[in-house]
Amino acid sequence: MKQSLSNEASEAIERGDRLKTAGELDEAICAYLVAAAHVYPVPASLCLSLARAYIRTNNVAEAIRWASAVVDAGDDFSSWLSAASLIENATNWKTEKPRRRSRVAIAGSFTTLQLRAILPLAGFRHGIEFEVWETPYGQYRQELLNPQSALYQSRPDFIILAVHEGELALPFLSNDSETEVTQELDRWTNLWEAVARHSKARVIQFNFALPAEAPLGHLALRLPGSRYAMTQAVNTALGMAAQTRVDIIDCERLSALVGKERWCDPRYWHLSKQAVALSALPLLARHITAVIAANLGLSRKVLVLDLDNTLWGGVIGEDGVNGIKLGGDQAGEAFVAFHEYILHLKDKGVILAICSKNNEADAKEPFERHRETRLKLDDFAVFVANWEPKADNLVRIAETLGVGLDAIVFVDDNPVECAAIRRALPQVDVIALPSDPAYYTRTLSQYLMFEMATFTDEDAHRTEQYRARTLARRLEKSVSSLDELWESLEMTATIEPFNEFNLPRVAQLIGKTNQFNLTTRRHGQAQIEAFVQNPDCIHFSLRLRDRFADHGLVALMIVLQQDSVFEIDTWLMSCRVIGRTVEDAMLAHLCAHAAQRGATTIRGLYIPTAKNQLVKDVYSKFGFSIAKEVAGEQIWHYDFAARGSIENRFIKIADQGEINGRPSRAVRAGV
Amino acid sequence: MEDLHGQLEQVFRDVFNNDAFTLKDEMTSRDVPGWDSIAHMNLMFTIESRFGIQFVGNELADFKDIGELKRYLARTVE
């Protein structure tokens, strides 16, 4: 990313360099900060100068902040490596509070030392602290197949199968391409199965980047038995085989993106077996991080958009609905294309919102009346158009949707607004649009944190659900009591045990629910499947519908029975249905199980985290009494034998599923 | 040559994260702590991208000392 620095910035940098050489570190930092205030993104060299100066003044927190800002400055490998080693060497960096820690093992077929070195930097930028381990060169297969291997002893959360095209056992030409492709696929899925047997780690598999060199030329595609065509077939088959159990890093796409001749530099391959050129590693590290973040539930959920010169050209308040640029000519078509890309993001589950400085009626008019608009009013879960500071409005949007600011991405064409949000709300990711609208779509597509680990029905209908939440919030003001509100919502729940259909969504909720989550235990897929197999485990999920929307699968409970005691291992609920008495319905359902299975005590656990204060008192509200408290962790007991069932007054139960193997509709909703 | 020395010194400072690093013509990889085969790769890569050159063949791997590297750069860099 080449940037032209303003004169002020260049002068400040030179002044800083002189001061640093003279040993005047505090003054040097001041000069560098002046330069940094004049440019965004701050160039990597300036980020590093600041980070090194802060290290020398023992300000580790600022040093790390500036080192990780290198990620936003572009994909220059040398700068990334310097920043990564600077963070690694900063002594007390572990005192920083990460959003999440994660252990990652790289099992690679090529030299992965540099990838290992820079991956933590990409993670750091998004609040994930990676502890990275790698298999010895050329040993990945042995390490994966041996249950006692050092790889498994490192107890990874993720295993990255970082392999390259040279690892494929496909011949140059084959008479039996189908068998070759099937055998090749098996070689990889066998490794996935070995991982599933020996660990709880999730596999992240690189697919195979076709090389730049193509001896068969265009003919290759017409020969099913060519290595070229078979490699494509293997890539497709890997994706289909992976489904929800394994993640794929689409190296074939990434290599095309950077250019295949840049993706692999043969000099570095021959000298030290770098199958991916060093210059491409930052991009690769960012994509890996996005995929891991998606698995950890740290992807961004909400896209908040500006209007004037963002979703159309011109200013609606001045130009009017017939004067703005949207469709029609080259400039207008760029905005239509941007609409269409945004709709694709919505289709995969990203929630859309508007935050604009405009009169509300003006702002809405193009979506209602313009012939070329692809986005319509009901595509947005929240629509805020007023004259207040955008930072305040973003906070309000987050509250309305019940999400944290760290779930929000803000897009604006105005660099001043972007800078203001970065300053006021550092948790929000800000995308500043380029000056030419033709590049809007590409700029948005280069943002990676909308990556998703799975795709469920709930994702496809998310905006509808959040819109309903906004409507319900309005309704709240028109009913006089909570009881009336709950009655008026006409809620119906479907409760059923975990099964093959709901398991992906169950795993997704366990991975990412923060607020209404009593124990925040992030069980992996394998552990969840073990619960399902365990006859002493009661597990159920709940879907909620109301007069506004089907909210989908939004809550679940995992309970283990030991003799006459039920112990609640996991109890969580999506934030979009908090405050709807869903907890009453779940405990009532659990009581029905207790009656069937002869349990007399229900034991609940509360493990406090930074985000689950909300549920601190949930057990006491239902008549549990506190049995023990150690270091903030509380154990609560409910005397089922004496107190009887917990009541569910407001949610109609459509289907109780099976209790202890017998279909039962014995538990009525309401009283 | 003076300017080249300064630029090269900056590369070493960046790669080894050491602002106080002083580059000398008679230095070899044995004289610099942390200069292993991986650091060498990073060094060569950074020199290529900062000076806009491409090493050919074994040049990527072998230089007797900093003086020889500097003479090579002086010849190659336009």
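Residues numbered from 1 in each chain as written. Chains lettered and ligands numbered in written order. Predicted model: local features only at pLDDT ≥ 70, side-chain atom pairs only at ≥ 80, totals over all residues.

> What should I look at first to understand the overall build of chain A in this one?
Counting its secondary structure elements, chain A contains 28 helices and 21 strands. The C-alpha atoms of chain A give a radius of gyration of 27 Å, which matches the 26 Å a tight globule of 671 residues would have. Overall, the C-alpha framework of chain A stretches about 75 × 65 × 60 Å when taken along its three principal axes. Taking all 671 residues of chain A together, 43% fall into the buried category. (Helix = DSSP H or I, 4+ residues; strand = E, 2+ residues; numbered from the N terminus. Rg over C-alpha atoms; globule rule 2.2 N^0.38 Å. Buried ≥ 20, exposed ≤ 12 C-beta atoms within 10 Å, placed from the backbone.)

> How do you make sense of the overall build of chain B when you look at a structure like this?
Summing up its helical and strand segments, chain B has three helices and zero strands in all. A compact globule built from 78 residues should have a C-alpha radius of gyration of about 12 Å, and chain B, at 11 Å, falls within 12% of that. Looking at chain B as a whole, 15% of its 78 residues qualify as buried. Long-range contacts, defined here as pairs at least 24 residues apart, represent 60% of the contacts in chain B between residues at least 6 apart. (Contact = placed C-beta atoms within 7 Å.)

> Which parts of the structure should I look at to understand the packing of helix 5 (residues 77-89) of chain A against helix 2 (residues 37-51) of chain B?
Helix packing for two helices is described by the angle between their axes and how far apart those axes are. Here helix 5 of chain A crosses helix 2 of chain B at 135 degrees, and the two axes come no closer than 9 Å. It follows that helix 5 of chain A is oblique to helix 2 of chain B by the angle criterion. Facing helix 5 of chain A, whose interface residues are Phe77, Ser78 and Leu81 of chain A, helix 2 of chain B presents Asn42, Phe45, Thr46 and Ser49 of chain B. Broken down by class, the residue content of the contact of helix 5 of chain A with helix 2 of chain B amounts to three nonpolar, four polar and no charged. (Axes fitted to C-alpha atoms, helices over the stretch in contact; angles between N-to-C directions. Parallel < 35°, antiparallel > 145°, perpendicular 65-115°, else oblique. Nonpolar A, V, L, I, M, F, W, Y, C, P; charged D, E, K, R; others polar.)

> Explanation requested: the nonpolar core in the structure shown.
Nonpolar side chains in soluble globular proteins tend to be buried together. Residues and elements named next belong to chain A. Core analysis: the biggest nonpolar cluster contains 102 residues, and Cys47, Ala51 and Ile160 have the highest contact counts within it. In contact with Ile160, not counting residues within four places along its chain, are Val104, Ala105, Ile106, Ala107, Ile204 and Ile288. Within the second largest apolar cluster, 53 residues are counted, among which are Leu518, Trp571, Ala585 and Ala599. (Core = buried A, V, L, I, M, F, W, Y, C linked by C-beta atoms within 7 Å.)

> Looking at this structure, I do not really get the sheet that holds strand 3 (residues 158-162) of chain A. What am I missing?
Across a sheet, paired strands are connected by hydrogen bonds in the backbone, their directions being either parallel or antiparallel. Residue and element names in this part refer to chain A. Read from one edge of the open sheet, five strands run 2-1-3-4-5, paired in parallel fashion. What marks the edges here is a single partner per strand, and that holds for strand 2 (128-134) and strand 5 (247-249). Taking the axes of each pair of neighbouring strands and ignoring which way they run, one obtains an average angle of 25 degrees across the sheet. Relative to strand 5, strand 4 (residues 202-206) runs parallel, the two sharing three bridges. The partner of Gln205 across the bridge, within strand 5, is Ile248. (Pairing = 2+ DSSP bridges.)

> I tried to follow the pairing of strand 3 of chain A on my own but got confused; where do I start?
Where a strand is regular, its side chains alternate between the two sheet faces. All names here are of chain A. The element strand 3 is largely enclosed, with a buried count of five among its five residues. Where strand 3 meets strand 4, four bridges bridge the pair, whose relative direction is parallel. Following the sheet pairing, Ile160 is matched in strand 4 by Ile204. With respect to chirality, the unit in which strand 3 leads through helix 9 (residues 177-198) into the neighbouring parallel strand 4 is right-handed. (Right-handed = clockwise from strand over helix to strand, strands pointing away.)

> Just to check I follow, could you spell out the interface of chain A and chain B for this structure?
Quoted interface sizes are often the accessible area lost when the parts come together. Contact residues are listed per partner, giving 12 residues for chain A and 12 residues for chain B. Of all the secondary structure elements, the ones that give two or more residues to the side of chain A that touches chain B are helix 5 and helix 13 (266-272) of chain A. The leading source of residues in the side of chain A that touches chain B is helix 5 of chain A, at six residues. The residue makeup of the side of chain A that touches chain B, split by class, is six nonpolar, four polar and two charged.

> I tried to follow unusual backbone geometry on my own but got confused; where do I start?
Trans is the common state for peptide bonds, and a negative phi is the common state for residues other than glycine. All names here are of chain A. A cis amide bond links Tyr40 to the next residue, Pro41, at an omega of -10 degrees. Of note, Pro41 is situated in the loop between helix 2 (25-37) and helix 3 (44-56). One non-glycine residue, Asn58, lies in positive phi territory at about 65 degrees. Tracing the chain through its elements places Asn58 in the loop between helix 3 and helix 4 (60-68). Residues other than glycine seldom take positive phi values, yet Lys273 does so here, at roughly 60 degrees. Take Lys273: it is sitting in the loop between helix 13 and helix 14 (281-295).

> Please clarify how the environment of Thr454 of chain A should be interpreted in this entry.
Residue and element names in this part refer to chain A. Here Thr454 lies in the loop between helix 20 (440-445) and helix 21 (457-460). Along the sequence, Thr454 and Gln508 sit 54 residues apart, while their C-alpha atoms lie 7.6 Å from each other. Apart from residues no more than four positions distant in its own chain, Thr454 is found in contact with Thr244, Pro504 and Gln508.

> What's the story with the sheet that holds strand 9 (residues 408-412) of chain A in this structure? I'm lost.
All names here are of chain A. An order of 8-7-6-9-10 is seen for the five strands of this open sheet, with the pairing classed as parallel. Each edge of the open sheet is held by one strand with a lone partner, namely strand 8 (380-386) and strand 10 (429-432). Strand-to-strand twist in this sheet, taken as the mean axis angle between neighbours without regard to direction, amounts to 20 degrees. Here strand 7 (residues 351-357) runs beside strand 8; their pairing, made up of six bridges, is parallel. Among the inter-strand pairings, Lys357 is bridged to a residue of strand 8, identified as Asn386. Packing of helix 19 (residues 415-424) onto the sheet brings it into contact with strand 9 and strand 10, and relative to strand 10 it is tilted by some 165 degrees.

> So what exactly am I meant to see when it comes to the confidence of the model for chain B here?
Fine structural detail should not be taken from predicted coordinates in areas where pLDDT scores are low. Residues and elements named next belong to chain B. Put simply, chain B has an average pLDDT of 87, and 96% of its residues get 70 or more. The least confident element of chain B, judged by mean pLDDT, is helix 2 at 88; the most confident is helix 3 (residues 66-76) at 91. Note on the complex model: pTM 0.75, ipTM 0.88. (pLDDT = per-residue confidence, 0-100.)

> It is not clear to me how the environment of Ser435 of chain A should be interpreted in this structure. Could you clarify?
Counting through the fold element by element, Ser435 of chain A comes out in the loop between strand 10 and helix 20. Measuring from C-alpha to C-alpha, the distance between Ser435 of chain A and Thr112 of chain A comes to 38 Å, with 323 residues separating the pair along the chain.

> It is not clear to me how helix 26 (residues 582-597) of chain A should be interpreted in this structure. Could you clarify?
Structural remark: α-helix, 3.6 residues per turn; residues separated by three or four positions point the same way. Residue and element names in this part refer to chain A. The terminal C-alpha atoms of helix 26 lie 23 Å apart, and with 16 residues this matches the ideal 22 Å at 1.5 Å per residue to within 8%. Looking only at helix 26, the buried set comprises Val582, Glu583, Ala585, Met586, Leu587, Ala588, His589, Leu590, Cys591, Ala592, His593 and Ala594. Within two residues after helix 26, Gly598 carries a phi angle of roughly 70 degrees, on the positive side. (Expected span 1.5 Å × (residues − 1).)

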